[in-house]
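The residues making up each chain are set out below.
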Amino acid sequence: MTVSLEVAEGVGTLRLDRPPMNALDIATQDRLKELAEEATRREDVRAVVVYGGEKVFAAGADIKEMQAMDHTAMVLRARALQDAFTAVARIPKPVVAAVTGYALGGGCELALCADFRIAAENAKLGQPEILLGLIPGAGGTQRLARLVGPSKAKDLIFMGRMVKADEAERIGLVDRVVPAAEVYPQAHAWAAQLAQGPALALRAAKEAIDTGLETDIDTGLAVERNWFAGLFATEDRERGMRSFVEEGPGKAKFL
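Residues numbered from 1 in each chain as written. Predicted model: local features only at pLDDT ≥ 70, side-chain atom pairs only at ≥ 80, totals over all residues. Heavy atoms only, no water.

**Q** I keep staring at the overall build of the protein chain and nothing clicks. Help me out?
**A** When you go through the protein chain residue by residue, the secondary structure sums to 11 helices and 9 strands. Here the C-alpha radius of gyration of the protein chain, 19 Å, is about what a compact globule of 255 residues would show, namely 18 Å. If you line up the protein chain on its principal axes, its C-alpha atoms span 65 × 40 × 35 Å. Each of the 255 residues in the protein chain was classed as buried or not, and the buried ones make up 44%. Considering only intrachain contacts with a sequence separation of at least 6, the fraction spanning at least 24 residues in the protein chain is 71%. With the model as given, the accessible surface of the protein chain reaches about 13400 Å², and the carbon-plus-sulfur share is 55%. Placing the 31 positive and 36 negative side-chain charges of the protein chain at their respective mean positions leaves the two points 1 Å apart. (Helix = DSSP H or I, 4+ residues; strand = E, 2+ residues; numbered from the N terminus. Rg over C-alpha atoms; globule rule 2.2 N^0.38 Å. Buried < 20%, exposed > 50% of the residue type's maximum accessible area, 1.4 Å probe, protein only. Contact = heavy atoms within 4.5 Å. Areas by Shrake-Rupley, 256 points an atom, 1.4 Å probe, with all protein chains shown as cover. Lys, Arg positive; Asp, Glu negative; His and termini not counted. Charge placed at Lys NZ, Arg CZ, Asp CG, Glu CD.)

**Q** Please clarify how the pairing of strand β4 (residues 95-99) should be interpreted in this entry.
**A** One face of the sheet, then the other: side chains in a regular strand alternate in exactly this way. Burial analysis of β4 places 5 of its 5 residues in the buried class, which makes it a mostly covered element. Side-chain alternation along β4 places Val-95, Ala-97 and Val-99 on one buried face and Val-96 and Ala-98 on a second face that is also buried. Summarising the sheet, strand β3 (residues 47-51) and β4 pair through 4 bridges and their orientation is parallel. Bridging across to β4, Val-50 finds its partner in Ala-97. Both β4 and strand β6 (residues 116-120) contribute to a ladder of 4 bridges, which runs parallel. (Pairing = 2+ DSSP bridges.)

**Q** Can you help me understand the packing of helix α1 (residues 26-41) against helix α3 (residues 71-89) in this one?
**A** Where α1 contacts α3, the axes come no closer than 8 Å and their chain directions differ by 40 degrees. Viewed along their axes, α1 and α3 adopt a mutual orientation that is oblique. When you trace α1 past α3, the crossing you get is left-handed. Contacts from Ile-26, Gln-29, Asp-30, Leu-32, Lys-33, Ala-36 and Glu-37 in α1 reach Arg-77, Leu-81, Asp-83, Ala-84, Ala-87 and Val-88 in α3. (Axes fitted to C-alpha atoms, helices over the stretch in contact; angles between N-to-C directions. Parallel < 35°, antiparallel > 145°, perpendicular 65-115°, else oblique. Left-handed = near helix turned anticlockwise from the far one by under 90°.)

**Q** I keep staring at unusual backbone geometry and nothing clicks. Help me out?
**A** Note that the residue after Pro-19, namely Pro-20, is joined by a cis bond; omega there is 5 degrees. Tracing the sequence through the fold places Pro-20 in the loop between β2 (11-16) and α1. At Asn-22, a residue that is not glycine, the phi angle is positive and equals roughly 55 degrees. As for its position among the elements, Asn-22 is in the loop between β2 and α1.

The following block contains the structure:
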């Protein structure tokens, strides 16, 4: 299979495996959506790592497959393309992208769907679709601008240029740069730590932040208020506050 879901220590790893460059063809997109939805449903998956392997994250769409598509074919496919990536973005659990090598086009767009991005020192990211006479079509124009701001997003998308890991970190496209051998271990450790946390509170935090970025502040505050009050009905809230009072901060066990 071109994408697999492996679960260990509460962490589900969505692993791309389509050598040599993890090109995101239609079958891979559909499988990614299927497994992202599975990760959403599974109670034993409490956090997710998206990983392309030691050499490359994903070098983009399958250009040969796209070249054969006309306007009608892409009109019929474009929503499914976006839906595959949105399924990853809407996993209601912490998601980290472990980026090695190239993350270009659809690969960069997939990394943008994560909550946190750890990149190898040799990573290169970008949205080169303009060089094909296109624009990003799997969320790049929207998620990149929200992440790094419109001016930086326009620079990358207009120019179609790749950025190295140090620049990507500087502009906020990635959050941490580490040696290539440490990318997956650090991503898994980040996810494993959060997998031990209060699942409903993490879900609430993610939804409140993401919803707030997409709407006005009053609506965002209403979402936050409703989640905040609702969490007072959870066992995790009782456990966390009891532990704080009896043992001090940071000692609660939520599993």
